[in-house]
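One-letter residues, chain by chain:
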Amino acid sequence: MTTFVDRVELHVVAGNGGHGCASVHREKFKPLGGPDGGDGGRGGDVVLVVDPDVTTLLEYHHRPHRKATNGKPGGGGNRTGAHGQDLVLPVPDGTVVLDGRGEVLADLVGRGTTFVAGQGGRGGLGNAALASPRRKAPGFALLGEPGEGRDIVLELKTVADIALVGYPSAGKSSLISVLSAAKPKIADYPFTTLVPNLGVVTAGSTVYTVADVPGLIPGASQGKGLGLEFLRHVERCSVLVHVLDCATLEPDRDPLTDLDVIEAELAEYGGLDDRPRLVVLNKTDIPEGQDLADIVRPDLEARGLRVFDVSAVSRKGLRDLSYALGGLVAEARAAKPVEEATRVVIRPRAVNDSGFTVTEEDGLYRVRGEKPERWVRQTDFTNDEAVGYLADRLNRLGVEDELRRVGAREGDGVAIGSDEDAVIFDWEPSLSGGAEMLGRRGEDHRLETVRPAEERRREREARRGDGAQREFEEFNPFD
Ligand SMILES: Nc1nc2c(ncn2[C@@H]2O[C@H](COP(=O)(O)OP(=O)(O)OP(=O)(O)O)[C@@H](O)[C@H]2O)c(=O)[nH]1
Ligand SMILES: [Mg+2]
């Protein structure tokens, strides 16, 4: 038995960037040949790609955790680490990608459409790349950045031109079976169809797809029957077809009230009002069915609906129906903008790449920004020289000037990053730009230690409370 899965939660983690290497070239009789540590490789991305041969999300239901490979660290002799491999995940045509809060991130339609669900971390620069006239032999390298990890939801919406809707047993699957080569399950009990069926119809020069959805009953919007769950597959269709049963033996039912009930459920689901509709009166091979069809036709036409008498059993009226549907599909396609064969969906980045902000919350100054936060992730805090390099970079970006402008004073706590992963240090303002102050290699007191936020806060409060002597040394750049 095949299982149809049309909604899954997927946890993706892109590959980490490889660390840069700190190494010094060594040769016989030439002990200090300069820095030659190579860069780390980029971590692999996690990429979703539409592959029309994939029809369900079942694969991800079984294995919801996916990770791309990490970049390799750089090596001595200027060896660059290998890039991690991208993890390419094939998804069905019509897959919608949502974030954890239900916001749509991407709508993947058309073979080859691509979405980067997790971005691989950048590799860290090796010490060779960090060398400059001022810093001839850096004794540190940058760390690779962690790969982006995300929880996303994939939802499948069938990409069909025509959707057949109606009560259970109205003959929707029967119609697909006679209009197309598809062979869905057909039976005389309700809810035969548990997942949408799809068929391809050729009418003259137009080729289009028809999908049915499991039968709807009154109260489907409250979850009765199979509920409205499957209507998401109708959302992309250009035309809705009401399949009305003219031969039902159930009391209280006739084609007109059936139509009203289904329309009420569609309205409850929402978003389908603008779709053109037509009506199929089915089972007119049965004499009573044809009689009923003749009775209700004027009413339906008075509502402005196009009406087709058909029979999925005797195949009556099918040719007219398939051409009428083909015409509507052709119109809908002509009205739609032409889509490129391959679309790449790029998720907009939340933060401004060049900027940063400084805000104050009870005495703690918080620096947010793509660059400062990235630089912090790249820093090996066990290496003083690396920490000094970070201080330089922040200074050049103007973080220090901005701190001064918003009123930060010596000794105030400064946090870089969000609440969860901030690096916190005490601010020791430099007097003039930071770059020249790194006189002594491997020493920089400005970023003295990385300590938990709570500890820093307690310390600050204690300082304020009794005006006690500050317990750490002043940093004198001219020392
Ligand atoms: N006489 C007659 N019977 C039909 C016709 N179309 C469908 N049927 C019968 O109606 C019953 C239900 O048909 P299905 O095609 O399974 O109906 P459905 O709308 O797909 O039903 P669900 O999947 O349960 O929603 C079957 O026994 C069919 O043989 C028709 O044109 N004439
Ligand atoms: Mg069916």
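Before reading further, recall that the structure is shown in the block above.
I will try to describe carefully the structure that is included in this document. (Residues numbered from 1 in each chain as written. Chains lettered and ligands numbered in written order. Predicted model: local features only at pLDDT ≥ 70, side-chain atom pairs only at ≥ 80, totals over all residues. Heavy atoms only, no water.)

## A look at the coordination of the magnesium ion (ligand 2)
Here is step 1: For the magnesium ion (ligand 2), the full set of protein donor atoms is Ser 173 (OG) and Thr 193 (OG1), at a range of 1.9 to 2.1 Å. With Ser 173 in helix 3 (residues 172–179) and Thr 193 in the loop between helix 3 and strand 10 (197–203), this residue pair connects regions lying 20 residues apart in the sequence.
Here is step 2: Residue classification places Ser 173 among the buried positions, given a relative accessible area of 8%. (Donors = N, O, S within 2.8 Å, 3.2 Å for Na, K, Ca; no water. Helix = DSSP H or I, 4+ residues; strand = E, 2+ residues; numbered from the N terminus. Buried < 20%, exposed > 50% of the residue type's maximum accessible area, 1.4 Å probe, protein only.)

## Observations regarding the site of ligand 1
Here is step 1: Around ligand 1, the structure places 24 residues, and the nearest of them are Ser 169, Ser 174, Phe 191, Thr 193 and Asp 285.
Here is step 2: A distance of 3.2 Å is found between an oxygen atom of ligand 1 and a backbone nitrogen or oxygen belonging to Ala 170.
Here is step 3: In this structure, Ala 312 approaches ligand 1 through a main-chain N or O atom, which is 2.8 Å from an oxygen atom.
Here is step 4: Its free accessible area being 650 Å², ligand 1 has 88% of it covered by the protein chains.
Here is step 5: Considering each element in turn, the shell around ligand 1 owes the most residues, three residues, to helix 3.
Here is step 6: Its residues assigned to classes, the shell around ligand 1 shows eleven nonpolar, nine polar and four charged. (Near = heavy atom within 4 Å. Polar contact = N/O pair within 3.5 Å; in protein donor to acceptor, adjacent residues only side chain to side chain. Areas by Shrake-Rupley, 256 points an atom, 1.4 Å probe, with all protein chains shown as cover. Nonpolar A, V, L, I, M, F, W, Y, C, P; charged D, E, K, R; others polar.)

## Section: the nonpolar core
Here is step 1: Residues Ile 162, Leu 164, Leu 175, Tyr 208, Val 241, Leu 278 and Leu 321 are the most contacted members of the largest nonpolar core, which totals 26 residues.
Here is step 2: Looking at this core, the elements with two or more residues in it are strand 9 (162–165), helix 3, strand 10, strand 11 (206–212), strand 12 (239–245), strand 13 (277–282) and helix 6 (318–335).
Here is step 3: The element contributing the most residues to this core is helix 6, with six residues.
Here is step 4: If sequence neighbours within four positions are ignored, Val 241 has contacts with Ile 162, Ala 163, Leu 164, Val 165, Leu 278, Val 280 and Leu 325. (Core = buried A, V, L, I, M, F, W, Y, C linked by side-chain atoms within 4.5 Å. Contact = heavy atoms within 4.5 Å.)

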